[in-house]
Amino acid sequence: ALALYELAIAADPDFAMAHAARSRVLGAIAVQYAKAEELKPLYAASIAAARKAITLAPDRAEGHLALGFILFIVTFIVLSIARLMLRRLNKREGN
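First, a word on scope: everything that follows refers to the structure included in this document. (Residues numbered from 1 in each chain as written. Predicted model: local features only at pLDDT ≥ 70, side-chain atom pairs only at ≥ 80, totals over all residues. Heavy atoms only, no water.)

### Notes on the packing of helix α2 (residues 16-32) against helix α3 (residues 36-56)
Helix packing for two helices is described by the angle between their axes and how far apart those axes are. For the pair α2 and α3, interaxial distance at closest approach is 8 Å and the crossing angle is 160°. One finds that α2 runs roughly antiparallel with respect to α3. When you trace α2 past α3, the crossing you get is left-handed. Residues A16, H19, A20, R22, S23, L26, G27, I29, A30 and V31 of α2 lie in contact with α3, whose contacting residues are L39, L42, Y43, A45, S46, A49, A50, K52, A53 and L56. Looking at the contact of α2 with α3 residue by residue, the class counts come to 14 nonpolar, four polar and two charged. (Axes fitted to C-alpha atoms, helices over the stretch in contact; angles between N-to-C directions. Helix = DSSP H or I, 4+ residues; strand = E, 2+ residues; numbered from the N terminus. Parallel < 35°, antiparallel > 145°, perpendicular 65-115°, else oblique. Left-handed = near helix turned anticlockwise from the far one by under 90°. Contact = heavy atoms within 4.5 Å. Nonpolar A, V, L, I, M, F, W, Y, C, P; charged D, E, K, R; others polar.)

Spelled out as structure tokens, the structure:
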């Protein structure tokens, strides 16, 4: 799917819905298949694609939905890591 959206964008760089769909696919790849070292570039590319979709079609929901999805996922992961670090710190301190 990612390759097809990239072909659509190459054919029409102003195709906002293709940028939004590419964002969602990149986010799904990050969540479901990526290795740890692949996460940051996938999330960054997903956010950039969603923002491009919003820039091209600010009145369409698809770009906003894609951005909301990926920002939710990134926030969830960051908060999960913070909770894990706090638990480990508390265990070291005997709490």
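Having put the structure on the table, let's press on.
### A closer look at the nonpolar core
Core analysis: the largest hydrophobic core is formed by 13 residues, its most contacted members being Y43, L67 and I70. Residue assignment for this core shows that the elements contributing at least two residues are α2, α3 and α4 (61-92). Per-element tally for this core: the top contributor is α3, with six residues. Apart from the residues within four sequence positions on either side, Y43 is in contact with A30, V31, I70, I73, V74 and I77. (Core = buried A, V, L, I, M, F, W, Y, C linked by side-chain atoms within 4.5 Å. Buried < 20%, exposed > 50% of the residue type's maximum accessible area, 1.4 Å probe, protein only.)

### Looking at the packing of aromatic side chains
Within the structure shown, the criterion is met by one aromatic pair. Each ring, one from F72 and one from F76, has its centre 6.4 Å from the other, and the planes form 25°; the classification is stacked. Within this pair, F72 and its partner F76 are both found in helix α4, separated by four residues, close to a single helical turn. With relative accessibility at 56%, the residue F72 sits in the exposed group. (Phe/Tyr/Trp six-rings, centres within 6.5 Å; stacked < 30°, edge-to-face > 60°.)

### Some words on the pattern of salt bridges
In this structure the tally under the stated criterion is two salt bridges. Where E6 meets R22, a salt bridge forms, and the shortest distance between an N and an O atom there is 3.2 Å. A residue pair is termed long-range when its members are at least 10 positions apart, and E6 in helix α1 (residues 2-11) and R22 in helix α2 qualify at 16 residues. The exposure class of E6 is partly exposed, given its relative accessible area of 36%. When the shortest N-O distance is used, the salt bridge between E62 and R60 registers 3.0 Å. Looking at E62, the relative accessible area reads 26%, which means it is partly exposed. (Salt bridge = Lys/Arg side-chain N within 4 Å of Asp/Glu carboxyl O.)

### Here we look at α2
Spanning 17 residues, α2 covers 24 Å between terminal C-alpha atoms, matching the ideal 24 Å at 1.5 Å per step. What α2 keeps buried is the set A16, M17, A18, H19, A20, A21, S23, V25, L26, G27 and A30. The inward-facing, buried residues of α2 contact α1, α3 and α4. (Expected span 1.5 Å × (residues − 1).)

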